[in-house]
Amino acid sequence: MAVVQDTTKRAARRRRRSPVGAAPGTLIADPNARRSELKLTLISPETFQVVDDASTGELARACEDWPVIWLDCVGLANIELIEDIGRIFNLHPLALEDVVNTGQRPKAEFFDDHVFVVLSMMDDVATSRYEQIAFFFGEDFVVTFQEREGDPFEPVRRRIEVAQSRLRTKNADYLAYALIDAVVDSYFQPVDQMWDTIDGIEEEMLRAPEQQHVRRLHELRRNVSQLKRALGPLRDAISALIRSEAACIAPETKIYLNDTLDHILRLNESVESLREMAIGLIEMHLSLSQARINEVINVLTIVSAIFIPLTFLAGIWGMNFDPDTSPWNMPELKAYFGYPAALGFMAFIALSLVVYFRWKKWL
Amino acid sequence: MAVVQDTTKRAARRRRRSPVGAAPGTLIADPNARRSELKLTLISPETFQVVDDASTGELARACEDWPVIWLDCVGLANIELIEDIGRIFNLHPLALEDVVNTGQRPKAEFFDDHVFVVLSMMDDVATSRYEQIAFFFGEDFVVTFQEREGDPFEPVRRRIEVAQSRLRTKNADYLAYALIDAVVDSYFQPVDQMWDTIDGIEEEMLRAPEQQHVRRLHELRRNVSQLKRALGPLRDAISALIRSEAACIAPETKIYLNDTLDHILRLNESVESLREMAIGLIEMHLSLSQARINEVINVLTIVSAIFIPLTFLAGIWGMNFDPDTSPWNMPELKAYFGYPAALGFMAFIALSLVVYFRWKKWL
Amino acid sequence: MAVVQDTTKRAARRRRRSPVGAAPGTLIADPNARRSELKLTLISPETFQVVDDASTGELARACEDWPVIWLDCVGLANIELIEDIGRIFNLHPLALEDVVNTGQRPKAEFFDDHVFVVLSMMDDVATSRYEQIAFFFGEDFVVTFQEREGDPFEPVRRRIEVAQSRLRTKNADYLAYALIDAVVDSYFQPVDQMWDTIDGIEEEMLRAPEQQHVRRLHELRRNVSQLKRALGPLRDAISALIRSEAACIAPETKIYLNDTLDHILRLNESVESLREMAIGLIEMHLSLSQARINEVINVLTIVSAIFIPLTFLAGIWGMNFDPDTSPWNMPELKAYFGYPAALGFMAFIALSLVVYFRWKKWL
Amino acid sequence: MAVVQDTTKRAARRRRRSPVGAAPGTLIADPNARRSELKLTLISPETFQVVDDASTGELARACEDWPVIWLDCVGLANIELIEDIGRIFNLHPLALEDVVNTGQRPKAEFFDDHVFVVLSMMDDVATSRYEQIAFFFGEDFVVTFQEREGDPFEPVRRRIEVAQSRLRTKNADYLAYALIDAVVDSYFQPVDQMWDTIDGIEEEMLRAPEQQHVRRLHELRRNVSQLKRALGPLRDAISALIRSEAACIAPETKIYLNDTLDHILRLNESVESLREMAIGLIEMHLSLSQARINEVINVLTIVSAIFIPLTFLAGIWGMNFDPDTSPWNMPELKAYFGYPAALGFMAFIALSLVVYFRWKKWL
Amino acid sequence: MAVVQDTTKRAARRRRRSPVGAAPGTLIADPNARRSELKLTLISPETFQVVDDASTGELARACEDWPVIWLDCVGLANIELIEDIGRIFNLHPLALEDVVNTGQRPKAEFFDDHVFVVLSMMDDVATSRYEQIAFFFGEDFVVTFQEREGDPFEPVRRRIEVAQSRLRTKNADYLAYALIDAVVDSYFQPVDQMWDTIDGIEEEMLRAPEQQHVRRLHELRRNVSQLKRALGPLRDAISALIRSEAACIAPETKIYLNDTLDHILRLNESVESLREMAIGLIEMHLSLSQARINEVINVLTIVSAIFIPLTFLAGIWGMNFDPDTSPWNMPELKAYFGYPAALGFMAFIALSLVVYFRWKKWL
C-alpha cells in the first residue's frame, strides 16, 4: 500500500515492514514514499487560518498561539521532518515508526498526554488498495499523517470555515472525532459501488449466465472479505477510544464516537450481506449452468433415443440379402406397399417414443 | 427505506445517511419523506382523549394537564416540527438526527431523563422493505416517530379504550413497552408468510423440481438472512432496556420486556429454521435434478448401447461386396435362411444386452 | 403443538401466541385445547394419596393438611380452573399466560416464593411434534400443566408408591427435580429411534443408493435440527435452576439437577453426531450416485467409441460407387477376399480399441 | 460400550443409562458386565505391595496400615462389592451410580474429602469403542474402576516398582495424576494409527481413485469426529481439576496436570488436522473422479464428432437414387475418380476436425 | 520435527513425546538429535564478547562477571550438558523436559525467577517442517535452545555489535523480546512465498485449468492450515507474556511485545486470506472445468442432433425396397430431381437445426 505508482495486486497485499531485525523505533523511509508536505490549520473559537506547506518553525510558533492546531502531513518520505514533528508534539517513537511503516492494522494506543490512532481507508475500489491514515491528538492538537493527498478531510475543512461551527469551539478531541468519522464515512461509497456491481452481475446472470460472472463474483468476494477484515480492527480501534480513560477525550466526544461505531456496525452488516449475496449468486450460477447443461443432455438423449432405432430400421432394410435366392430373404422389399408400410412403421415408432417422453415429462 | 414511492430493491437496501461530513446533530429532511402529522393521545387513569393532527401549542398544553401523553408523529418531512417536539420534551439532538435519518440499526440509548429506542419493522414482505420506528419515553410521555402511517399501534389504541386497562393506570414506560411489544409482534405475520411460501415450494418441488424453485428459494433465503440480521440488533436493544438502570423504567416493566425478548428469541429460532430449511431444499433440488438427469443419461446409454451394435450389424450386411465375384464375399446374403438368421442374431444380441443391463440394475 | 387432533406439519411448527395486541397476563384458551382435569397427589413421609379429577375445594383443603402436594393438571381448556389454581398457589399471571399459550421456549423463571419452569417434550417422533409441560414449585407444592395425558410422569408416580422413597421424605423441590428429570429422560427414546432410522438408511444405501434415501435423510436432518434447537433452551433452563439462588431449591437438589444437565449434554452430543452422520450420508449418497452415473457414462463411451468407427467402415463399403464404371471405384468390392478382409480389418480396429481402453483402465 | 462381547456399532454408540425413572443413586448392574476383581496396590515411601483379587476385609485393614492405597477394580458386575468399596472410602452414591452406568461424559466432581473423575479411553480403534475409567482419590487413596482389564495402568505399576520413584514418596494425588496421564497418553496410539490410515488412503488415491476410498474416508471422518467429541469433555475435566480448590490436590500436582492438559490440546490439534485432511481428501476424490469422467466424456465427444459426419457422408453415397434415370441422380457414383474423391473428402473432413479439436485443446 | 535427516511428511507431523509412562521431568535424548554446541554472548553496556563452543566452566564464570548473558544452545543431544545448564540457571526440570521433547505447542510458563517460552519456527516451507525454539530468561540471562543452527538470531547478533544499541543497555528481557520478535518475523518470508505460489497457480489456472492445480492448491491449503494452527498458540504465548506479572519483564518491554503481537495478528490475517483464496480457487477450478466439460457436451449434442436425423434420412434412401415391384416402392429414387431434392431437403433440415440452436443460444 506504500507506493502510489505501484498498483499491482501483489504489492497491494503485502504491507511494509521494517527490515527484519531492525531495532524498533528506528524510522526508515519507504524509498517510494511521496515527499512530505505540511498543511497547518489553526483554529480558535473566533477565527481560523490555513497555512499550506508550513515549516517546522511556523509550526512551533503556532503551537503557542492557537488554542487548537491541526497539522496534516501528506506524504511520508521526509523522515527528519516527521521526527521533528514528533519532537514538537512529544510523540512516542514506536508510534512514529508505525506511521512510516504503512500497512498497520487499525488500532488505538494511549500515551501519557496523547492518543495515537491508525485507520485504513479504501483508496481504490478496483485494485482494492488501502491507504493508512494515522492520527495523534492531545488536548490542543491533532496531527494527521496521510500517504497521499486525500479527499476524506475536505468536508471537515469546509465545516471549520462555517463561523459558528462546533469544530471551532470544542477541544481537539472533537476535531479528531470529526476527522475519524470522515474516514469511516469514506467506506460507504465503495460499499455502494460493490452493491451496484453485484446487482449488475445478478441482472446479467439471470438473463444469461456466463463464465465471466463467476470470475467477477469471485473477485468481488475477495474484495469483500478484504473489506470485512479491514472493518474488524477499525471497530476495535473505535471501541478502544470509547472505552479509554484518556484525559484528552471528553465524555461528550465519546457519545459522538458511539455514532461512528454505529456506522461501522452498519457497514459491517452491509458487507456481510454482500458476501452472502456473492456466495449465493455463485451457487445460483452453478445451479443455472447445471440446469442449462441438463437441458442440453436432455435434447441429446431425446434426439438419439428417437433416431437411433429408426436408423437401425433403415439399416435393416438397406441390407443386401438377396430376395431372389429364397422367399425368406427380405420379401418385404418386393411387397406392393412395402415402402409406405416401412415408413409408417417408423413414424409409429417415432410417435410412440415422443408420447413416451411426453409422459415421462422429458419433452 | 425512506421513501414510500420508491420500491426498488436497490433503494430498499441502502439506508439514508447524513451527507458525508455534515455536522452531527443537524437535521436534514429526506426530500421524499412524508409530511409529518401529529396524533396526540392523552391518557389519565379515568379517561383518555385522542387529538388528530395536533399543533405544538396543543401539545405543550397537554404536557401540563395529563399524567401520560403519547405523541405519535407520522411522516418525517417537517423538520421544524420535529425540532419543536425535541425542545418541548427536551430530547437529545443526536437522537433526533437518528429519527430523521431513517435506516438506523435498532438500538436503545439512555439519556438523563428519557430513553431513546429505534426499532425496525418489516413493512413489505415482497420487497423486504423495512420501516424505522423511533421511540422516546420518559416518566410521563411517549413520543413515537413513524415513516408512514402504521398499523402496528392500532391494537394498543384499542386497549387504551378499555376502561380498566392497565395502560391507563401505569406510567409511560408500560405504554412504551406495549408499543414496542406491538412492533415486535408485527414480525410474526411475515415469518408465517415465509413458512407458507417455503411449504408451497417444497410441495411443488417434490412433485416436479423446476429451475424457478431454486430462484425462489434463493430469494427467500436472502429475505430470511435480512430478517435474521434485523432481529439481532432488535434483541440487543430490548436486552439493553432490560439491563438498563434508567429511572424511568420500572422493574415490573422489565418483567414484561423479558416476555418481549422471549418473543424475539422465538422469532429468531423460527427464522433460523427457515434458513436451514431453505438451504436444505436448495440442496435437495440439486439432488433431485441430478437424479433426473442421471435417469436421462441412463436411458441414452441403454438405447445407444443396444442399437449401436445392431446398426453396425445392419451396416455390415448392407455392404456391397459382390457375392458373384467370389464365394468368400458375403455368401450369407444368398443363404436360404440368411435374412431370418440375421434378424434372429440381432434379436439375440439385443436380448442379451437387455438381460445384462437388468442384471446390472440399470434398467 | 396445541391441538391433539391436528397433526399436520405446518400446525406443529407454528406455536400459539396470544392474539397480537392482547393485554399481557390475559388468559385466552386455545379453542382446541383438551378439557382440564386435575390429578392431585398428596405426599407425607408416612403415606401418600392420589385424588383423580379433584375439585379446587379439595385442593385448597389439601394444601393445609399435607406436607407436599403435587397437582397435575392435564389439558388447558378450562381457563377459570387454571386461574383458580393460580390464586390458590399465588402464581404469577404472566407465567400462567405462558402455561396456556403453549409453544413457549423452555425456560426457568424465579418469583418470590415459587419457581416457574417450562419444558418441551417430544410427543411424536414421526411428525416431530412437541408438547409443552409447565412446572410451578415452591417449598411444599408442585403444580404441573400438561397439554395431554402424558406418560413421562408414570415412573415418578410408581416411585412415590415405594414406602421408603426419597420422594416422600424430601421437600417439593426434589419431587420437581424427579419430574423434570423424567421429562428430560423421555428424549432418549426418540433419539434412539433416530439412530435406528439412520442405521437402516445407511445399510440400505450401501447396498443400493436410491433417491428416497436422500429424502428420508433430509427429513431426518430436519427433525434432528429441530431436536437440537429444542435441547438448547432446555439446557439453559436447567442451568438457570442450578445457578439460581431461589430459597425453595435445596443445594442437594442442585447436585441432582447437575446430573440432569449431564443427561442433556449427552443427548446434545448424540444429536450432534446424528446431524453429522446425516450430512455425511447425504454427501456419500451424492458420491455413490455420481460413481454410478460415471460408470454408466463410461459404458456409453466405450460402446460408442468402438462401434461408431466400425459402423462408419460398414457405411463406406455400403456406398454405391459403381465398380463397373472405373477401376478406381471400390475395386475391393470385387476382390476375392474382400469381405473377409473387411471383417478382419474391423475386428482388428475393435480389438485395438479394447486394448487401448484396457490400457487406459476404462474397461 | 458396556459389554466385551458386543462389538456391533450400534451397541457401541448407545451408552448405558439407568432405567428411565429409577431413583438416582440406585446401583443396577449391567447384566453383561464383567465380574469385578479387586487389585490392591499398597504403597509406602520404603516399599510397596500388590494384592491380586483382594477381599474387602484386606482392603479395610490396608486402609489403616499404609500411607497410600491404590485399589483397582476391574469389571463392574459385582454391585455389592462396589457398594462396600463406596462405604469404606465414603464415596458419594451418585458418583458410584455413574461408575456402574458406563458411558458417562468425562468429568470431574468434587466432594468434601475426595475427588471423582470419569475419563473415557479408546478401547478399539476399528470399532471406535470407548471404555469408561472412573477415578476416586482422596488424600491417601486412589480407587479406579475399569470395565475391562486394561493396559493403560501397566507403565504406572512399573514406575512404582522403581525404588526411588516419586510415586512412592508423594501423596495419592500424584498417583492419581500419573494414572490420568497414562489414560490420556493412551490416545496417542490410535491417533497415530489414524494418520497411518489416512496417509495410506492418500497414496492409493493419488495413484487410482476408487469408490472405496470415499467410504473409508467417511468412516475415518466419523471416527475422528467421535474422537474429537471425546476429547472435548476430557479437556474440561482436566481443566476442572487444575482450577479446583479441592484440598486433596497439591499445587505441585496441578503443574503436572497442566502438562497433561497440554497433551490433550496437542491431541486435539492433531485430530482437527485429521478431520480437515479427511474432508480435503474427500473433496479431492470428487475432483479426481470428476476429472476422470470429464476425460471420458471428452473422448466420447471427439470420437462422435469425427465419425458421425463421416458416417453421414457414407450414408449419402449409399443411397439408392438411380443414376440411370436422370443425369441429376448421383452422377458421382459413376465418375471415374468418384470413390477416391469421396474417400479423400472424408479424410479431409476428419483431418479438419482433428486440427480444430487440437486448436480447442480438447485433444 | 526432531530430526534433521528425516524429511518425510509423516515424521514431520508426529511430534516427539516422552515414552508413555516415563516419569515426568526425566530427560531422554532423541537418538537423532544434533550434538549440542554452546554459543555464549556476553553483553555489557560498554562492550560485548562472543564465545563459540563454550564449556560449562566458562559459562559459570561469565554468569558472575557480565551484566547480561545470552547462551544459545544449538542441538539437543547432549543431555548432561543441558542438565548442567539447568542447574547453573536454576531452570525448572519440567520445562527442561519440554526443551528436549521437541514438538511442544508454543507456550509461556512463569517460574519464580525466570520465564520459559517455547516457540515454533517454520523450518522448511516445502515440507512444512517446524523447528522448536525454547527460551529461558531471567533478569540477567537469556538461554535459547535450538534444534539446529538457525538463522533467525543473526540480525539480533548484528544489532548487538552496534555500539549504542539498546540491546546493550537494557536488561535481559529486552534481549529476549528481540529474539522472540526475530522468530516471529521469520514467519513473514514463508507466508510471502505462499502468496507467490498461489498467485502463480491463479495465473496459470485462468489460462488453462489443469488437474495438478487442484492438487497444488490442496497441498497449499494443508500447509496454510498447519501454519494457522501454529500461529494460534504463538499468539497465546505472546499474550501471556504481555499479561504476566513476572518481575523479570519490564513494563516497557511489554509495549514492545505488543508490537510483536501485532505482527502475529497481521500474519494471522494474511494466512486467513491465503486460506480463503485457496478455497476460492479450488471452487473456481471446479467451476472452470465444469464450464469446459459443459462446452464439450454442448458440441457433442449439436453434432449429434444435426447429423443423426440426416444419417437417418440417408439410411431411408439407402433402403432396398424394389421400385420395380410396385409404384409405391421408393418412386423418388427414380424421380428426375430425386437426388438433388433429397440433398436439398437434408440441407434444409440441417439449416433449420442450426437456426434453432442459434436461437436457443447453444451455438
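Since the structure is predicted, the reported quantities are computational estimates derived from the model, not experimental observations. (Residues numbered from 1 in each chain as written. Chains lettered and ligands numbered in written order. Predicted model: local features only at pLDDT ≥ 70, side-chain atom pairs only at ≥ 80, totals over all residues. Heavy atoms only, no water.)

1. Notes on the packing of helix H10 (residues 251–317) of chain E against helix H11 (residues 338–359) of chain E
All names here are of chain E. Let me state the cut-off plainly: Structural elements are reduced to axes, namely lines fitted to C-alpha atoms, with helices fitted over the stretch in contact, and the angle between N-to-C directions of any two is expressed from 0 to 180 degrees. Secondary structure elements are taken from DSSP: a helix is a run of H or I of four residues or more, a strand is a run of E of two residues or more, and numbering for both begins at the N terminus. Comment on the angle field: the value is read as roughly parallel under 35 degrees, roughly antiparallel over 145, roughly perpendicular from 65 to 115, and oblique elsewhere. Here is the rule for handedness: rotate from the far helix to the near one, and if that takes an anticlockwise turn smaller than a right angle the crossing is left-handed, while a clockwise turn gives right-handed. Contacts between residues were defined by any pair of non-hydrogen atoms, one from each residue, lying within 4.5 Å.
Look at H10 against H11: their axes get within 10 Å of each other, and the N-to-C directions meet at 160°. With respect to each other, H10 and H11 are oriented roughly antiparallel. Note on packing geometry: the crossing formed by H10 with H11 is right-handed. Counting all contacts with H10, which are made through Ile302, Ala305, Ile306, Pro309, Leu310, Leu313, Ala314 and Trp317, the residues of H11 involved are Ala342, Phe345, Met346, Ile349, Ala350, Leu353, Val354 and Phe357.

2. A word on the relation of the copies chain A and chain E
Here is the rule we go by: The atoms used to superpose the copies are C-alpha atoms, taken from residues with pLDDT of at least 70 in both, and the fit is least squares.
The two copies are related by a screw motion: chain A maps onto chain E through a turn of 72° and a shift of 0.1 Å along the axis, at an RMSD of 0.1 Å. This pairing of chains is accounted for by a five-fold axis. Relative to the rotation axis, the C-alpha of Gly318(A) is the closest in chain A, positioned 4.8 Å from it. Counting the interface residues of chain A, we find that no more than 17% of their copies in chain E are interface residues as well, pointing to two distinct contact surfaces.

3. Section: the arrangement of the chains
If you take every C-alpha in chain B and every C-alpha in chain D, the smallest gap between them is 9 Å, and the two do not touch. Of all C-alpha pairs spanning chain C and chain E, none lies closer than 9 Å, and the two are not in contact.

4. Let's talk about the domain arrangement of chain A
For clarity, the threshold we go by: How far each domain reaches was decided by an automatic or database domain assignment.
According to the domain assignment, chain A consists of domain 1 (2–288) and domain 2 (293–359). Here the C-alpha centroids of domain 1 of chain A and domain 2 of chain A sit 76 Å apart.

5. Observations concerning the environment of Thr144(E)
Residue and element names in this part refer to chain E. Test applied: Buried, partly exposed and exposed residues are distinguished by accessible area as a fraction of the type maximum, computed with a 1.4 Å probe on protein chains only: under 20%, between the cut-offs, and over 50%, respectively. Here a polar contact is taken to be a pair of N or O atoms separated by no more than 3.5 Å, where protein atoms must pair a possible hydrogen donor with a possible acceptor and residues adjacent in sequence count only if both atoms sit in side chains.
Tracing the backbone shows threonine 144 in strand E7 (residues 141–146). For threonine 144, a relative accessible area of 0% corresponds to the buried category. Taking C-alpha positions, threonine 144 is 5.5 Å from alanine 134, a pair spaced 10 residues apart along the chain. What threonine 144 contacts, discounting residues up to four positions off in sequence, is Trp70, Leu71, Asp72, Cys73, Ala134, Phe135, Phe153 and Leu179. One polar contact links threonine 144 to tryptophan 70, side chain to side chain, over a distance of 3.1 Å.

6. Here's the deal with unusual backbone geometry
For Lys361(B), which is not glycine, the phi dihedral falls at a positive 65°. Mapped onto the secondary structure, Lys361(B) falls in the segment after helix H11 (338–359).

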